[in-house]
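One-letter residues, chain by chain:
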Amino acid sequence: AQKITQTQPGMFVQEKEAVTLDCTYDTSDPSYGLFWYKQPSSGEMIFLIYQGSYDQQNATEGRYSLNFQKARKSANLVISASQLGDSAMYFCAMSIQGGSEKLVFGKGMKLTVNP
Amino acid sequence: NAGVMQNPRHLVRRRGQEARLRCSPMKGHSHVYWYRQLPEEGLKFMVYLQKENIIDESGMPKERFSAEFPKEGPSILRIQQVVRGDSAAYFCASSLLPGRVGPYNEQFFGPGTRLTVL
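How each quantity is defined
Residue indices follow the written sequence of each chain, beginning from 1 at its first position. The lettering of chains begins at A and the numbering of ligands begins at 1, in the order of writing. Two thresholds apply to this predicted model, a pLDDT of at least 70 for residue-level local features and 80 or more for giving and counting side-chain atom pairs, whereas whole-chain, interface and lining totals are computed over all residues. Only hydrogens and water are set aside when side-chain values are computed; all heavy atoms of the structure are taken into account. Being paired, for any two strands, means DSSP has found at least two bridges between them. We count a stretch as a helix when DSSP gives it H or I for four or more residues in a row; a strand needs E for two or more, and each element gets its number in order from the N terminus. Axis lines are fitted to C-alpha atoms, over the contacting stretch for helices. Their N-to-C directions set the angle, which ranges from 0 to 180 degrees. Disulfides are defined as pairs of cysteine sulfur atoms found within 2.5 Å of each other. Only protein chains enter the accessibility calculation, which uses a 1.4 Å probe. A residue is then buried if its area is under 20% of the maximum for its type, exposed if over 50%, and partly exposed in between. Contacts are assigned to residue pairs that have any heavy atoms within 4.5 Å of one another. Reported buried area values correspond to the accessible surface (1.4 Å probe) lost by two parts on association, with both partners' losses combined. In what follows, salt bridge is the name for a side-chain nitrogen of Lys or Arg lying within 4 Å of a carboxyl oxygen of Asp or Glu. By the criterion applied in these results, polar contacts are pairs of N or O atoms within 3.5 Å in which, for protein atoms, one can donate a hydrogen and the other can accept it, and in which residues neighboring in sequence qualify only through two side-chain atoms. In this classification, Asp, Glu, Lys and Arg are treated as charged, Ala, Val, Leu, Ile, Met, Phe, Trp, Tyr, Cys and Pro as nonpolar, and every other residue, Gly included, as polar. Using only the protein atoms, space was sampled on a 1 Å grid; points where a 1.4 Å probe fits but cannot get out form cavities, open sets with protein on both sides within 12 Å along at least five of seven lines form pockets, and lining residues are those with an atom within 4 Å of a point. Grid points are joined across faces, edges and corners, and a volume is the space filled by probe spheres set on the points.

(A) Up close: the sheet that holds strand E8 (residues 75-79) of chain B. All names here are of chain B. With antiparallel pairing, the four strands of this open sheet are ordered in space as E1-E3-E8-E7. Two strands in the sheet have a free side with no partner beyond their single neighbour: strand E1 (5-7) and strand E7 (65-68). The sheet shows a mean angle of 15° between the axes of neighbouring strands, direction not considered. Pairing analysis gives five bridges linking strand E3 (residues 19-24) to E8, with the strands arranged antiparallel. Counterpart to Ala19 in the pairing with E8 is Ile79.

(B) Quick peek at the state of the cysteines. One pass over the structure, following the stated rule, counts two disulfides over all chains. What pairs with Cys23 of chain A in a disulfide is Cys92 of chain A, and their sulfur atoms sit 2.0 Å apart. Linking Cys23 of chain A and Cys92 of chain A, the disulfide has an S-S dihedral of approximately -65° and is accordingly described as left-handed. Of this pair, Cys23 of chain A sits in the loop between strand E3 (19-21) and strand E4 (24-26) while Cys92 of chain A sits in strand E10 (residues 88-96), placing them 69 residues apart in sequence. When its relative accessible area of 1% is taken as the criterion, Cys23 of chain A is described as buried. Overall, the relative accessible area of 1% leaves Cys92 of chain A in the buried class. Two residues share a disulfide in this structure: Cys23 of chain B and Cys92 of chain B, whose sulfurs sit 1.7 Å from each other. Since a negative S-S torsion denotes a left-handed disulfide, the Cys23 of chain B-Cys92 of chain B link at about -50° is left-handed. Placement of Cys23 of chain B in strand E3 and of Cys92 of chain B in strand E9 (residues 88-95) is noted, with a sequence separation of 69 residues between them. On the basis of relative accessible area, Cys23 of chain B is assigned to the buried category, the value being 0%.

(C) The arrangement of the interface of chain A and chain B in detail. On the side of chain B, 23 residues touch chain A, which itself brings 23 residues to the contact. When chain A packs against chain B, close to 1800 Å² is buried across both sides, 56% of that on carbon and sulfur atoms. The salt bridge involving Lys102 of chain A is made with Asp56 of chain B; its shortest N-O contact spans 3.9 Å. The tally of links between chain A and chain B comes to six residue pairs in polar contact (both at pLDDT 80 or more). Of all the secondary-structure elements, those providing two or more residues to the side of chain A that touches chain B are strand E5 (32-39), strand E6 (46-52) and E10 of chain A. Sort the elements by how many residues they give to the side of chain A that touches chain B and E5 of chain A lands first, with five residues. Taken together, the residues of the side of chain A that touches chain B break down into ten nonpolar, nine polar and four charged.

(D) Examining the layout of surface pockets more closely. There is about 540 Å³ of room inside the largest pocket. Residue lining of the largest pocket: 24 residues in total, with Gln39, Pro40 and Met89 of chain A together with Gln37 and Glu40 of chain B positioned closest to the centre. Listed by contribution, the elements that provide at least two residues to the lining of the largest pocket are E10 and strand E12 (109-114) of chain A together with E9 of chain B. In terms of residue count, E12 of chain A provides more of the lining of the largest pocket than any other element does, four residues in total. Tallied by class, residues from the lining of the largest pocket come to eleven nonpolar, eight polar and five charged. The computed volume of the second largest pocket comes to approximately 160 Å³. In this structure, the second largest pocket is lined by 13 residues; those nearest its centre are Val104, Phe105 and Gly106 of chain A together with Leu43 and Lys44 of chain B.

This is the structure we're talking about:
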């Protein structure tokens, strides 16, 4: 079975600083994808970044990058130059190729950006 | 270029009533997923449907819950005889090309339906 673990319940960061959100995963499947979603207080789920298990390079999308360490089974999200609008819940998720591609989510963590 | 549509956004039901949640996927998407989010929790997979077919319902409670995605019209998640424990946010997501892991497998989420059972 697949499992996503996010152990940080909440984090605080000063505006313009970088922050790393931790995510570890567990699967025996060799082919999988890792996703990060942002959920602001309004409730919608916003896709941020994707990393494939066979990707050689870490994924980057603007201010978001994914620190993918396959041997350690970690997929930490790095947000550079935090903005007040980054305050939200952040969820790490995984899907497995060959199955129904359903997403397995972690419990999430709350990021607060202070001015 | 509308995204995933869900309605209603908020639904209030009394115990024992039925709840019907609707989801219209993004244009061109024929794969729909339903997830449930309890307060202070992550999303939990419920069911995966293609047009007229249930592909994976491993996350659906055995009783009172059903889902469909007809040839025409939105996908429907139906909860019969609701109980207080059904109060949650229900999200629908659609994707273009499941079956291989990649950015094209990205699931686009709707705004969710927040169900409150009194």
